[in-house]
Amino acid sequence: ANVYDVPNWDMQAMLNAGTLMRMVVAAILCVIAAVINMAGIEANAPQQKSLGLDAEFMALGRANIVVGMLGGHPGHHVAAFTLPMKKDGGTRRVAPWTAACLWLAVFISSAPLSSYIPRFFLGGCFLQVGFGLARTFLWDNRKGMDRMSMCIAWATVLVAVMTDL
C-alpha cells in the first residue's frame, strides 16, 4: 500500500478512537520534547543570538506539517546533537546541517542501508542518545530545576518507559 494512494486509505481505521488517541499523544509528546530540548539547548549551550521560542515553534510547526503531508513522523529539536557539539568546541551549526543533509541524501536515495547496519549498533546509538538526554535533563540539571520541572521531566520519562515509546 502506498502512502499517497488516497482512495485506498482505510478511513475507518484512521478515525478509530484508539488511532486518534495515539496521534494526539504523539503530538503532545513531540511538543513536550521540543520544549525540553529547546530549554536545554538555551540553558546549556547558549548561542551568540538567543533562541526566539515563538519563531522556533512556528518553524517547527510548519516543518511538521510538510513532513506529515509527505507521510513522515513529527520531529523536534534535538539537544543530544547540539550539546555535545558545544562541549567539543563547536561554535557554528555546520555539524547539525551536515547530519541533516546526510539524512536527506539517504532518504531521497532510498538506499537499503538498514540491511547493512547491524541492529545492535542502531540500538546502541538510540540507547546512547536516550541516556545522554536523561543524564543531561534529569541528573546534571537537577539542582537548577524547580520541583514542578523535575516532576514533569520524570513523568515524561516514566510514561515513555511504561508505554514502550
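Procedures and definitions
- Residues numbered from 1 in each chain as written.
- Predicted model: local features only at pLDDT ≥ 70, side-chain atom pairs only at ≥ 80, totals over all residues.
- Heavy atoms only, no water.
- Helix = DSSP H or I, 4+ residues; strand = E, 2+ residues; numbered from the N terminus.
- Buried < 20%, exposed > 50% of the residue type's maximum accessible area, 1.4 Å probe, protein only.
- Contact = heavy atoms within 4.5 Å.
- Areas by Shrake-Rupley, 256 points an atom, 1.4 Å probe, with all protein chains shown as cover.
- Patch = residues over 30% accessible without salt bridge, like charges linked within 9 Å, V, L, I, M, F, W, Y side chains within 5 Å.
- Salt bridge = Lys/Arg side-chain N within 4 Å of Asp/Glu carboxyl O.
- Expected span 1.5 Å × (residues − 1).

Caption draft 1: Summary view of the overall build of the protein chain. Across its full length, the protein chain holds seven helices and zero strands. When the elements of the protein chain are put in sequence order from the N terminus, they spell out α-α-α-α-α-α-α. Scored against the burial criterion, the 165 residues of the protein chain give a buried share of 14%. Taking as baseline every contact in the protein chain between residues at least 6 positions apart, the subset at least 24 positions apart corresponds to 58%. Split by element, the accessible area of the protein chain, about 13000 Å² in all, is 70% carbon and sulfur.

Caption draft 2: Looking closely at the environment of M85. Mapping M85 onto the fold places it in helix α4 (residues 79-87). Residue M85 is classed as buried on the basis of its relative accessible area, which comes to 13%. On a C-alpha basis, the gap between M85 and P96 in space is 8.8 Å, while along the polypeptide they are 11 residues apart. What M85 contacts, discounting residues up to four positions off in sequence, is G90, R92, A95 and P96.

Caption draft 3: Just a nonpolar patch on the surface, in detail. Taken together, V6, W9, M11, M14, L15, L20 and M23 make up a surface patch of nonpolar side chains, about 660 Å² in accessible area. Looking at the nonpolar patch, the elements with two or more residues in it are α1 (11-14) and α2 (17-44). Relative to the helices and strands, L20 resides in helix α2. What makes L20 partly exposed here is its relative accessible area of 34%.

Caption draft 4: Local environment of the environment of L53. Relative to the assigned elements, L53 resides in helix α3 (residues 53-69). Taking the C-alpha atoms as reference, L53 lies 7.8 Å from M38; in sequence the two are 15 residues apart.

Caption draft 5: Main features of helix α5 (residues 94-109). Compared with the 22 Å implied by 1.5 Å per residue over 16 residues, the 22 Å span of α5 between its first and last C-alpha is a close match. Two residues or fewer after α5 comes S110, characterised by a positive phi angle close to 55°.

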